[in-house]
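Structure assessment
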Amino acid sequence: MTSTPSQTHPFDLAELGTLVLLPWSSEAPDGGDMPYLLAYSLGDAEGGPEMTSAAVARLLASHGLMVGGQLVDGTAATGLAITLHVEDGQAVVGMPQLGARCAAPPAWLTAVGERGYAYLVFTTRPWPEGGPGMPIEPAALTAFVGAEQTLRAAAHIILPAQGSHA
């Protein structure tokens, strides 16, 4: 994730550590594929995983997103401070002063194109094993994303997709 400095942040952006965005799709209860996005930190900020987790929680709260709260339906909510653009085979998630871009697999692009949105899980739980450019086994992803500790430490948002492939 890239960042732009700002004087108005309630924390230092460096406290977030390395933020990662990971797309995947899987079958949903309605039988179609659901496009998911996982946003997390590696926990590698100078203050370690605890500081990183607290900084991610403050980031989410500063944009009205509650950790452990109810699902936020961005297709119905107005004024949501987080966006999803799908362009040139990539998912681009934006927040004021932050942006993340990642290559999206074809199945994810198809699913987001059919649904018009993606389900974002933005967790405060660090995952140092899920570093950018490192291969992630499906079982490891399932174990991390499906862990109660990960899900309870996350904001859950349905993000409407904008762009040429949305």
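It should be noted that the structure appears before, not after, this text.
This is a predicted model, so every value here is computed, not measured.

1. Quick word on the overall build of the protein
Scanning the protein for helices and strands turns up four helices and nine strands. What you see in the protein, going N to C, is helices and strands ordered as β-β-β-α-β-β-β-β-α-β-α-α-β. At 15 Å, the protein has a C-alpha radius of gyration in line with the 15 Å of a compact globule built from 166 residues. Seen through its C-alpha atoms, the protein measures out along the principal axes to roughly 40 × 35 × 30 Å. Counting the 166 residues in the protein, one finds 43% classified as buried.

2. Some words on the environment of R152
Secondary-structure assignment places R152 in helix α4 (residues 148-152). The exposure class of R152 is exposed, given its relative accessible area of 60%. Distance from R152 to T123, taken between C-alpha atoms, is 8.2 Å for residues 29 residues apart in sequence. Not counting residues within four places of it along the chain, the set of residues in contact with R152 comprises V67 and G68. Among the polar contacts listed, one links the side chain of R152 to the side chain of E148, at a separation of 2.7 Å.

3. Some words on unusual backbone geometry
Notably, D88 is not glycine yet its phi reads approximately 50 degrees, a positive angle. As for its placement among the helices and strands, D88 is situated in the loop between β5 (83-87) and β6 (90-95).

4. Here we look at helix α3 (residues 138-146)
Inspection of α3 places L141, F144 and V145 among the buried residues, and these make up the whole buried set. Looking straight down α3, one finds its buried side chains confined to an arc of 90 degrees; they lie on one side. Away from its buried face by more than 90 degrees, α3 exposes A139, T142, A143 and G146. Taken together, the buried residues of α3 touch β2 (19-27), β3 (33-41), β8 (117-123) and α4.

5. Here's the deal with the nonpolar core
L37, L84, W108 and L120 are the most contacted members of the largest nonpolar core, which has 31 residues in total. Contact partners of L120, with chain neighbours within four places excluded, come to L21, L37, A39, I82, A155, H156, I157 and L159. If you look at the next biggest cluster of nonpolar residues, it comprises 15 residues, including V20, W24, A28 and Y40.

6. A few points about the pairing of β2
Judged from the nine bridges that link them, β2 and β3 form a sheet pairing that is antiparallel. If you follow P23 over to β3, its bridge partner there is L37. Between the antiparallel neighbours β2 and β3 lie five residues, among them G31 with a positive phi of about 95 degrees.

7. Points about the packing of aromatic side chains
Under the definition given, this model contains five aromatic pairs. Measuring from centroid to centroid gives 5.1 Å for W24 and Y36, while their planes differ by 15 degrees, and the two rings are stacked. You can see W24 sitting in strand β2 and its partner Y36 sitting in strand β3, a full 12 residues away along the chain. Overall, the relative accessible area of 18% leaves Y36 in the buried class. Among the aromatic residues, those joined into a cluster by ring pairs are W24, Y36 and Y119.

Reading the values: rules and limits
Residues numbered from 1 in each chain as written. Predicted model: local features only at pLDDT ≥ 70, side-chain atom pairs only at ≥ 80, totals over all residues. Heavy atoms only, no water. Helix = DSSP H or I, 4+ residues; strand = E, 2+ residues; numbered from the N terminus. Rg over C-alpha atoms; globule rule 2.2 N^0.38 Å. Buried < 20%, exposed > 50% of the residue type's maximum accessible area, 1.4 Å probe, protein only. Contact = heavy atoms within 4.5 Å. Polar contact = N/O pair within 3.5 Å; in protein donor to acceptor, adjacent residues only side chain to side chain. Arc of directions from axis to C-beta. Core = buried A, V, L, I, M, F, W, Y, C linked by side-chain atoms within 4.5 Å. Pairing = 2+ DSSP bridges. Phe/Tyr/Trp six-rings, centres within 6.5 Å; stacked < 30°, edge-to-face > 60°.

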